[in-house]
Amino acid sequence: DYNMYSELGKKVKQLRKRKGLNQDDLAIVLNLSRGQISNLENGRRNLSLKQLKKLCEYFNVDMSYFLMTETTDSCLNLIEKAKVLFNSKELTNMQL
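Residues numbered from 1 in each chain as written. Predicted model: local features only at pLDDT ≥ 70, side-chain atom pairs only at ≥ 80, totals over all residues. Heavy atoms only, no water.

Asks: Could you give an account of the pattern of salt bridges, with specific residues and numbers?
Replies: By the definition in use, this model includes 2 salt bridges. In this structure, Lys-10 engages Glu-7 in a salt bridge whose closest nitrogen and oxygen atoms are separated by 3.6 Å. In this pair, Lys-10 and Glu-7 both sit in helix 1 (residues 4-18), 3 residues apart, roughly one turn of the helix. A relative accessible area of 45% means that Lys-10 is categorised as partly exposed. Judged by its relative accessible area of 22%, Glu-7 falls in the partly exposed class. (Salt bridge = Lys/Arg side-chain N within 4 Å of Asp/Glu carboxyl O. Helix = DSSP H or I, 4+ residues; strand = E, 2+ residues; numbered from the N terminus. Buried < 20%, exposed > 50% of the residue type's maximum accessible area, 1.4 Å probe, protein only.)

Take a look at the structure:
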């Protein structure tokens, strides 16, 4: 049984942990309480569109990350590695 709020919460928690933040830190970013962040991460609360946009900007992810069920933490790892590779000077020099 797919629960959109639960999936959203898992992804928010993954992003928060990847950035080394605690729930209080994220609460400040979103102007929410720590309890509200806990409820969000546990699938008991949703975000407004404005809050979701702020979250995307803060974590530098596209909104589709939260909407697509197949987007996982391992996908983010691959995307980050690709960004590093494509931004590296070695790749630029190899292309020349």
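Asks: Pulling in residues and values, what's your account of helix 1?
Replies: Between its first and last C-alpha, helix 1 extends 21 Å over 15 residues, near the 21 Å set by a 1.5 Å rise per residue. Every buried residue belonging to helix 1 is among Leu-8, Gly-9, Lys-11, Val-12, Leu-15 and Arg-16, and all of these are buried. Looking straight down helix 1, one finds its buried side chains confined to an arc of 165 degrees; they lie on one side. (Expected span 1.5 Å × (residues − 1). Arc of directions from axis to C-beta.)

Asks: Talk me through the side chain of Glu-41; I want residue IDs and the actual numbers.
Replies: Structurally, Glu-41 can be placed in helix 3 (residues 34-41). Looking at Glu-41, the relative accessible area reads 6%, which means it is buried. At a separation of 2.5 Å, a polar atom in the side chain of Glu-41 contacts the side chain of Arg-16. Setting aside residues up to four positions removed in sequence, Glu-41 forms contacts with Gly-9, Lys-10, Val-12, Lys-13, Arg-16, Gln-23 and Leu-26. (Polar contact = N/O pair within 3.5 Å; in protein donor to acceptor, adjacent residues only side chain to side chain. Contact = heavy atoms within 4.5 Å.)

Asks: Go over unusual backbone geometry, please, and point to the residues and values.
Replies: Look at Asn-31: it is not a glycine, yet its phi comes out positive at around 60 degrees. One can find Asn-31 in the loop between helix 2 (23-30) and helix 3. Taking relative accessible area as the criterion, Asn-31 reaches 67% and is therefore assigned exposed.

Asks: Report on the packing of helix 2 against helix 4 (residues 49-59), specifying residues and quantitative values.
Replies: The relative placement of two packed helices is expressed as an angle between their axes plus a distance between the axes. Orientation of helix 2 relative to helix 4, taken along the N-to-C sense of each, is 120 degrees, at an axis distance of 10 Å. As for the relative orientation of helix 2 and helix 4, their crossing is right-handed in sense. For the pair formed by helix 2 and helix 4, the contact residues are Leu-26, Val-29 and Leu-30 on the first element and Gln-51, Lys-54, Leu-55, Tyr-58 and Phe-59 on the second. Each residue belonging to the contact of helix 2 with helix 4 can be placed in one class, and the counts come to 6 nonpolar, 1 polar and 1 charged. (Axes fitted to C-alpha atoms, helices over the stretch in contact; angles between N-to-C directions. Left-handed = near helix turned anticlockwise from the far one by under 90°. Nonpolar A, V, L, I, M, F, W, Y, C, P; charged D, E, K, R; others polar.)

The values reported here are purely geometric and, on their own, carry no functional implication.
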